[in-house]
Amino acid sequence: MNGKYFYYAIVALLGVLTSIFNFLLFLLISIVYLCLLFRYKKYSKLQLIIVICLFITFLFTSHAVVTNNKTTLSDSTTTFYVEYMENTKVDGDLLQVTAFDIKHKEKLLIRYKIKSESEKWSLKDTNFYGRLCQIKGKLSDPSIAKNPNAFNYRNYLANKQIYKIVELNGHPLQRCAVVKSTPITMIKEWRFMGINYLEKNFPTEIAALSAALIFGDRSMFDPEVLIDYQKTGIVHLLAISGLHVSLLIGMVFYLGIRIGLTRQFMFNFLLILLPIYAILTGASPSVIRAVLTLFLVLSAVRWKKQIRMSPVDAISLTFMIYVFFTPLIIFDVGFQLSFSVSFAIILSASSILPWYQRSISSMIVISIIAQLGALPILLYHFFEISFISIAANLLYIPLFSFVFVPGLYFLYFIQLIFGATPSFLINLLMNIIILANGLIHRLADISTLQLITGRPNLINFFLYLLIILAIFILWEAGLQKKRKQMAMLLAIVLFTFQNVWNWVNPFGEVTMIDVGQGDSILIHHPFGEGTYLIDTGGTIVFEEDEWKKPAKPFEVGRDVVVPFLKGKGIKQLDKLILTHGDADHIGGALAVLEEIKVKQIILPSVIELSPSVQRIIKEAQERRVQVVVVAEGSQWENKNSAFYVLSPEKNYQGDTNGGSIALLAYIGGLNWFFGGDLDQEGEERIVRKYPDLNIDVLKAGHHGSKTSSGEMFINKITPAIAWISVGERNRYGHPHSEVLERLSNSAVYRTDQHGAITYRFYQNTGTFSSFLHTIK
């Protein structure tokens, strides 16, 4: 085969992309690729026919899957007959589990609100497999992305053929009958019991790491520890992949030979074991890729006279088989990273790695190759990379390979066989895990080694691919002086060109971020002349029992505002303007301060500071961020923009909303009014003091509440456009019908209906758009 399957894998990918994305664009690319194979690879007519047939096969297969990738359920359906397909996930007082509706032949995501703490622990210990249940509930659609570059939960589930969520009325196992378990179901039951056994018999740190490395389950991990692993670029070590599978299979093979079993028997045994192991470890993309590749390699070794297969052929054939049966898997970030890194390392194994024979240099080179292979995908999905990742991988790959993986398997089997584990072994491993997690936390906090670039557009994404390909070609040819200089230059361009574009970008924008029931507005000037954020949104937290709290509660600043800013390539805010102390306006400020460099925080001049504001000031002082208090009369300019503070009065004392910072801004040729939650009394005071006030765009106060946007104010300023930041189906009934009536002569943009709203401008002209494109 000699690597020819690699070129077939590219054809397969092009067939899928042609079907799913731009048909004409990828068809043209496919034709060019066919010509290149004919011209440079000297493909015969028969080989070209095979290539064309493969392209057509994958084109039509993926087209059929995409065409049928939709629900057949009516929203009025309330009764379902389901078999549970996966382990349950219990987080706080919410249970989630995937089920298959046997009547409608469709997968569903089941949600159940747990009623009591005792019920919660009972459900965690309950095996849901092997039951056919009648359940009743209300169908709902998964949430969609309402901000640019945000995670789209609906698309994520649709790519897994899940289109509807069922909110249960009663207990998920209320009306069930026992059904005969299939072999696959039995293996899944073993997985459930294994994870449950770990949780009950080991300390949390050991149980969490064991569940991840033995069964591919990370649900027990502390969310903060997972974030640290992600920031340092070693989270792949917590996913079962080729490294873990190879170590395990190697240990099993070695033990089998040592106890006297023949090599042929062990090969046959491993070929049977691998599919079972894939299901037992959760069948994630990295697991399937590793298991299927190893299966093909072992098959080739087992029948070496009949089958000859190189590593690149094995990974290529694995890719083709996987994509043929599940074309939509190409959207999965785990699939993308697993195959991109594997291809990069395998293709470099014969041309680059032989030059680096020493173990340390070889590990460094492999880490660099892996980072280059993963770079475009990491930037597309996470908008940033960490330069600490190479050092972290050098340290943690041996730790996982020679300590954690064998050590945790050893502890697990000791516990299974003898019912107890020596305490000194538990304590030893506990101390190593705690030290490792502590070091990871310190490394993750080194923000200077984080490169935030923003999500690359299609052109930039292909530029990344071309530059990386050029670096690999130069590296493969040998890094003599000129080639080394060229490779270094390309590397510099690789890590700087998108940031340079962000800096020289002549377009500016004003965006109202959809933060639900709250406010957050980004003002980004062209040519890097200034980036401001007015408010940060915030999640209002209500007191509840400890058992009801999820492991990682949703937090607007961390989960919405920070990803939005990073997706734009924004790594520094010149001004963070916090209009007043309400949680829905400043609750996300601490998360922003933690993740984004802030040069200056602007607060209103008020007598009483809320506890939230005091915490922000304390955090700002620790981070050496300048805090400025403004009142009526304060102002600043920014080349073609100007900002004037119209409210509050100095040392304001009174209602929090009335003390909001009210800004008159000239941006992109328009006059803007940003008033926080300023009430009608404050609005009237402003128009009396500034009778000639002329506003083009009004940010409606207090989310469209009738306590703001008073009739006198609206009639005086006559805005052409009004923006309302408001949560979808909020409990307050915002925006109020009276406010909408007052704004009847204005074009109203609402985040609950339109998602994020953006004014993109060049010099003094611009256009308005909404993320959801539903403006009427």
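Residues numbered from 1 in each chain as written. Predicted model: local features only at pLDDT ≥ 70, side-chain atom pairs only at ≥ 80, totals over all residues. Heavy atoms only, no water.

For this particular structure, what's the right way to read the sheet that holds strand 19 (residues 641-647)?
Hydrogen bonds between backbone groups are what pair the strands of a sheet, and the pairing can be parallel or antiparallel. Spatially, 7 strands are ordered 18-19-20-21-22-23-24 in an open sheet, and the strand pairing comes out mixed. Looking at the sheet topology across the chains shown, the edges are occupied by strand 18 (635-638) and strand 24 (747-750). Sheet twist, expressed as the mean angle between neighbouring strand axes with direction ignored, is 15 degrees. Alignment of strand 23 (residues 721-724) against strand 24, held across 4 bridges, turns out to be parallel. Among the inter-strand pairings, Ile 724 is bridged to a residue of strand 24, identified as Arg 750. (Pairing = 2+ DSSP bridges. Helix = DSSP H or I, 4+ residues; strand = E, 2+ residues; numbered from the N terminus. Axes fitted to C-alpha atoms, helices over the stretch in contact; angles between N-to-C directions.)

In this structure, what is going on with a negative patch on the surface? I would like to understand it.
Residues Glu 205, Asp 222, Glu 224, Asp 445 and Glu 594 make up a contiguous surface patch of negative charge. With respect to the helices, strands and loops of the structure, Asp 445 is situated in the loop between helix 16 (423-444) and strand 9 (450-452). (Patch = residues over 30% accessible without salt bridge, like charges linked within 9 Å, V, L, I, M, F, W, Y side chains within 5 Å. Areas by Shrake-Rupley, 256 points an atom, 1.4 Å probe, with all protein chains shown as cover. Salt bridge = Lys/Arg side-chain N within 4 Å of Asp/Glu carboxyl O. Lys, Arg positive; Asp, Glu negative; His and termini not counted. Charge placed at Lys NZ, Arg CZ, Asp CG, Glu CD.)

Quick question: what am I supposed to make of the nonpolar core here?
Considering soluble globular proteins, one finds that nonpolar side chains tend to be buried as a cluster. Counting residues in hydrophobic clusters, the biggest one holds 57 residues, and the most contacted among them are Leu 209, Val 245, Phe 400 and Phe 404. Of all the secondary structure elements, the ones that give two or more residues to this core are helix 6 (183-201), helix 7 (204-215), helix 8 (223-231), helix 9 (242-258), helix 10 (263-280), helix 11 (285-302), helix 15 (389-418) and helix 16. A total of 10 residues in this core trace back to one element, the largest contributor, which is helix 15. Setting aside residues no more than four positions away along its own chain, Leu 209 makes contact with Phe 221, Leu 238, Phe 400, Phe 404, Leu 408 and Ile 433. Counting 31 residues, the second largest nonpolar core, distinct from the first, contains Ala 9, Val 312, Phe 319 and Val 323. (Core = buried A, V, L, I, M, F, W, Y, C linked by side-chain atoms within 4.5 Å. Buried < 20%, exposed > 50% of the residue type's maximum accessible area, 1.4 Å probe, protein only. Contact = heavy atoms within 4.5 Å.)

Could you clarify how one ought to interpret the side chain of His 702 in this entry?
Along the chain, His 702 turns up in the loop between strand 22 (697-699) and helix 24 (711-717). Looking at His 702, the relative accessible area reads 18%, which means it is buried. For His 702, the side chain forms a polar contact with the side chain of Thr 707, separated by 3.2 Å. Apart from residues no more than four positions distant in its own chain, His 702 is found in contact with Asn 657, Gly 676, Asp 677, Thr 707, Ser 708 and His 734. (Polar contact = N/O pair within 3.5 Å; in protein donor to acceptor, adjacent residues only side chain to side chain.)

I tried to follow the packing of aromatic side chains on my own but got confused; where do I start?
Working definition: an aromatic ring pair is given by the centre-to-centre distance plus the angle between the planes. Across all of its chains, the model carries 46 aromatic pairs by this definition. When the ring of Phe 472 is compared with that of Trp 475, the centres are 6.4 Å apart and the planes differ by 10 degrees; the resulting orientation is stacked. Taken as a pair, Phe 472 and Trp 475 lie in helix 17 (residues 458-477) at a separation of 3 residues, close to a single helical turn. On the accessibility criterion, Phe 472 (14% relative accessible area) is buried. Three or more aromatic residues link up through ring pairs in this structure, and these residues are Phe 6, Tyr 7, Phe 319, Tyr 322, Phe 335, Phe 339 and Phe 343. A cation sits over an aromatic face here: Lys 120 above Trp 121, 5.1 Å from the ring centre. The ring of Trp 636 carries the charged tip of Lys 575 above its face, separated from the ring centre by 5.0 Å. (Phe/Tyr/Trp six-rings, centres within 6.5 Å; stacked < 30°, edge-to-face > 60°. Lys NZ or Arg CZ within 6 Å of the ring centre and 35° of its normal.)

Hey, could you run me through the sheet that holds strand 14 (residues 575-577) in this one?
If you trace the 8 strands from one edge of the open sheet to the other, you get 17-16-14-12-11-10-25-26, paired in mixed fashion. Of all the strands in the sheet, just strand 17 (626-630) and strand 26 (765-770) have a single pairing partner and so form its edges. Across the sheet, the mean angle separating the axes of adjacent strands is 15 degrees when strand polarity is ignored. In this sheet, strand 14 lies alongside strand 12 (residues 531-534) in parallel orientation, the contact comprising 3 bridges. Residue pairing across strands places Tyr 532 opposite Lys 575, the latter belonging to strand 14.

Please clarify how a nonpolar patch on the surface should be interpreted in this entry.
Judged by side-chain polarity, Leu 25, Ile 29, Leu 458, Phe 462 and Leu 465 come together as a nonpolar surface patch covering roughly 390 Å² of accessible area. Every element with two or more residues in the nonpolar patch is listed here: helix 2 (23-40) and helix 17. Ranked by residue count, the leading element in the nonpolar patch is helix 17, at 3 residues. Here Ile 29 is to be found in helix 2.

Just to check I follow, could you spell out the pairing of strand 16 (residues 600-604) for this structure?
For a regular strand, side chains alternate in direction, first toward one face of the sheet and then toward the other. Taken across its 5 residues, strand 16 has 5 buried, putting it largely inside the fold. Residue alternation in strand 16 divides its side chains into two sets, Gln 600, Ile 602 and Pro 604 and Ile 601 and Leu 603, and both sets are buried. When strand 14 meets strand 16, the two strands line up parallel, connected through 2 bridges. Residue pairing across strands places Ile 577 opposite Ile 602, the latter belonging to strand 16. Bridging between strand 16 and strand 17 involves 5 bridges; their strand directions are parallel. Directly across from Gln 600, in strand 17, lies its bridge partner Gln 626. The parallel pair strand 16 and strand 17, bridged by helix 22 (residues 611-622), forms a crossover whose chirality is right-handed. (Right-handed = clockwise from strand over helix to strand, strands pointing away.)

Looking at this structure, how should I read the packing of helix 17 against helix 18 (residues 481-504)?
Each pair of packed helices gets described by two things: the angle between the helix axes and the distance between those axes. In contact at an axis separation of 9 Å, helix 17 and helix 18 are set at 160 degrees when each is read in the N-to-C sense. Classified by the interaxial angle, the pair formed by helix 17 and helix 18 is roughly antiparallel. Two packed elements cross with a definite hand, and for helix 17 against helix 18 that hand is left-handed. Mapping the contact onto sequence places Asn 460, Leu 463, Tyr 464, Ile 467, Ile 468, Ala 470, Ile 471, Leu 474 and Ala 477 in helix 17 and Arg 483, Met 486, Ala 487, Leu 490, Ala 491, Val 493, Leu 494, Phe 497 and Gln 498 in helix 18. Classifying every residue of the contact of helix 17 with helix 18 gives 15 nonpolar, 2 polar and 1 charged. (Parallel < 35°, antiparallel > 145°, perpendicular 65-115°, else oblique. Left-handed = near helix turned anticlockwise from the far one by under 90°. Nonpolar A, V, L, I, M, F, W, Y, C, P; charged D, E, K, R; others polar.)

I would appreciate a short explanation of helix 18 in the present structure.
Because each turn of an α-helix spans 3.6 residues, side chains separated by three or four positions end up pointing in the same direction. With 24 residues, helix 18 extends 32 Å between its outermost C-alpha atoms, agreeing within 8% with the 34 Å of an ideal straight helix rising 1.5 Å per residue. If you look at helix 18, its biggest bend is around 45 degrees, right at Thr 496. Among the residues of helix 18, Ala 487, Leu 490, Leu 494, Phe 497, Gln 498, Asn 499 and Asn 502 are the ones counted as buried. Of the surrounding elements, those touching the buried residues of helix 18 are helix 14 (359-382), strand 9 and helix 17. (Expected span 1.5 Å × (residues − 1). Bend = angle between axes of the 7 residues up to and from the residue.)

What is the right way to look at the environment of Phe 335 in this model?
Secondary-structure assignment places Phe 335 in helix 13 (residues 333-349). On the basis of relative accessible area, Phe 335 is assigned to the buried category, the value being 3%. Taking the C-alpha atoms as reference points, Phe 335 and Pro 285, separated by 50 residues in sequence, lie 5.0 Å from one another. Ignoring any residue separated from it by four or fewer positions in sequence, one finds Phe 335 in contact with Pro 285, Phe 319, Tyr 322, Val 323, Ile 329 and Ile 330.

How should I be thinking about the environment of Ala 283 in this particular structure?
Inspection of the secondary structure puts Ala 283 in the loop between helix 10 and helix 11. Its relative accessible area of 36% is what places Ala 283 among the partly exposed residues. Taking C-alpha positions, Ala 283 is 47 Å from Ile 617, a pair spaced 334 residues apart along the chain. Setting aside chain neighbours within four positions, we find Ala 283 in contact with Ala 278 and Ile 288.

Where do I start with helix 16 in this structure?
Over its 22 residues, helix 16 extends 31 Å from the first C-alpha to the last, a length consistent with the 32 Å expected when each residue adds 1.5 Å. By the burial criterion, the buried members of helix 16 are Ile 426, Leu 429, Met 430, Ile 433, Ala 436, Asn 437, Ile 440, Leu 443 and Ala 444. For helix 16, the angular spread of buried residues about the axis comes to 155 degrees, placing them on one side. Residues Ser 423, Phe 424, Leu 435 and Arg 442 are exposed on helix 16 and point more than 90 degrees away from its buried face. Of the surrounding elements, those touching the buried residues of helix 16 are helix 7, helix 8, helix 15 and strand 9. (Arc of directions from axis to C-beta.)

What's the story with the pattern of salt bridges in this structure? I'm lost.
Should the charged atoms of two oppositely charged side chains come close, the side chains can pair. Taken as a whole and assessed by the stated rule, the structure comprises 25 salt bridges. Between Glu 728 and Lys 146 there is a salt bridge, with its nearest N and O atoms 3.3 Å apart. Of this pair, Glu 728 sits in the loop between strand 23 and helix 25 (737-742) while Lys 146 sits in the loop between strand 5 (131-140) and helix 5 (153-158), and the two are 582 residues apart along the sequence. Looking at Lys 146, the relative accessible area reads 14%, which means it is buried. Here Glu 619 ties to Arg 623 by a salt bridge, and the two come within 2.6 Å at their closest N and O atoms. Each of Lys 146, Asp 514, Glu 728 and Arg 729 takes part in a single network of salt bridges with overlapping partners.

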